[in-house]
Amino acid sequence: MRPFLLLFLLFPVLELFVFVQVSSAIGFFPALLLIILGSMLGVLVLRVAGLATALRARESLNRGELPAQTMLEGLMMALAGGLLILPGFISDAVGLVMLLPVTRKLLAGKMRQRAEEAAIRQRAFADDLQPRGGPAPRQPLGREGDVIEGEFEHRDGK
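Residues numbered from 1 in each chain as written. Predicted model: local features only at pLDDT ≥ 70, side-chain atom pairs only at ≥ 80, totals over all residues. Heavy atoms only, no water.

Because each turn of an α-helix spans 3.6 residues, side chains separated by three or four positions in sequence point in the same direction. Relative to the 26 Å expected for 18 residues at 1.5 Å per residue, helix α3 (residues 68–85) spans 26 Å between its end C-alpha atoms, a close match to the ideal helical length. Taken together, the buried positions of α3 are Thr70, Leu72, Glu73, Gly74, Met76, Met77, Ala80, Gly81, Leu83 and Leu84. (Helix = DSSP H or I, 4+ residues; strand = E, 2+ residues; numbered from the N terminus. Expected span 1.5 Å × (residues − 1). Buried < 20%, exposed > 50% of the residue type's maximum accessible area, 1.4 Å probe, protein only.)

A separate point is the pattern of salt bridges. Evaluated as defined, the whole model comprises 1 salt bridge. A salt bridge links glutamate 116 to arginine 112, with the nearest nitrogen and oxygen atoms 3.4 Å apart. Taken together, the positions of glutamate 116 and arginine 112, both in helix α5 (residues 101–129) and 4 residues apart, correspond to about one turn of that helix. For glutamate 116, a relative accessible area of 43% corresponds to the partly exposed category. The class of arginine 112 is partly exposed, set by a relative accessible area of 35%. (Salt bridge = Lys/Arg side-chain N within 4 Å of Asp/Glu carboxyl O.)

What follows deals with a nonpolar patch on the surface. Taken together, Ile26, Phe28, Phe29, Leu32, Leu33, Leu34, Ile36, Leu37 and Met40 make up a surface patch of nonpolar side chains, about 880 Å² in accessible area. Among the elements that make up the nonpolar patch, the one with the highest residue count is helix α2 (residues 28–62) (8 residues). Considering the arrangement of structural elements, one finds leucine 34 in helix α2. (Patch = residues over 30% accessible without salt bridge, like charges linked within 9 Å, V, L, I, M, F, W, Y side chains within 5 Å. Areas by Shrake-Rupley, 256 points an atom, 1.4 Å probe, with all protein chains shown as cover.)

This brings us to the confidence of the model for the chain. Averaged over the chain, the pLDDT score is 82; the fraction of residues at 70 or greater is 84%. Averaged pLDDT values over the elements of the chain bottom out at 80 in α5 and peak at 93 in helix α4 (residues 89–99). (pLDDT = per-residue confidence, 0-100.)

A word on the packing of aromatic side chains. For the structure on display, the rule yields 3 aromatic pairs. Relative to phenylalanine 28, the ring of phenylalanine 19 lies with its centre 5.9 Å away and its plane at 85 degrees, an arrangement referred to as edge-to-face. Taking the relative accessible area as the measure of exposure, phenylalanine 19 reaches 17% and is therefore buried. Residue classification places phenylalanine 28 among the partly exposed residues on the basis of a relative accessible area of 44%. Here phenylalanine 19 and phenylalanine 89 contribute two aromatic rings whose centre-to-centre distance is 6.3 Å and whose plane-to-plane angle is 15 degrees, an arrangement assigned as stacked. Here phenylalanine 19, found in helix α1 (residues 2–26), pairs with phenylalanine 89, found in helix α4; they are 70 residues apart in sequence, far enough to count as distant. The pair phenylalanine 19 / phenylalanine 89 is uniform in exposure class, with both members buried. Through successive ring pairs, a cluster of aromatic residues spans Phe19, Phe28, Phe29 and Phe89. (Phe/Tyr/Trp six-rings, centres within 6.5 Å; stacked < 30°, edge-to-face > 60°.)

Attention shifts here to the environment of arginine 58. Examined against the element boundaries, arginine 58 turns out to sit in helix α2. Residue arginine 58 is classed as exposed on the basis of its relative accessible area, which comes to 56%. In the structure, arginine 58 is positioned 12 residues away from threonine 70 in sequence and 9.8 Å away in space, judged by C-alpha atoms.

Shown next, in the form of structure tokens:
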């Protein structure tokens, strides 16, 4: 948690430092214009990314495939758009790199691999918690169509 806090506090200072350096090299207003154009590009990317991801996911489903890779790439595009909206040259540079198809596919592949590994670990852990050879887990009562087997006896003396 501490590295994220440090990054959260350090990132704006770095962005401000880079902005001052760039504005001293090219001028304040051109640097400010670049920041504004980057934010406008980020808004455009966010608008296009949602629609494009939905269309690609629909095509994948029509082919009978799971759109996991498509959804992860859409998430990468949305994250890139969010980084472009943030004011600053560092976030814009990272956002632009994430917009490149090669980088986006690489990051989405890594995320998918980590998610699959986590799912396998979670499934293995859940299997270890199941009793071996014991009774099946109890189902919740009260659903229509459930059959509950059992024995009873009359206690009223009959």
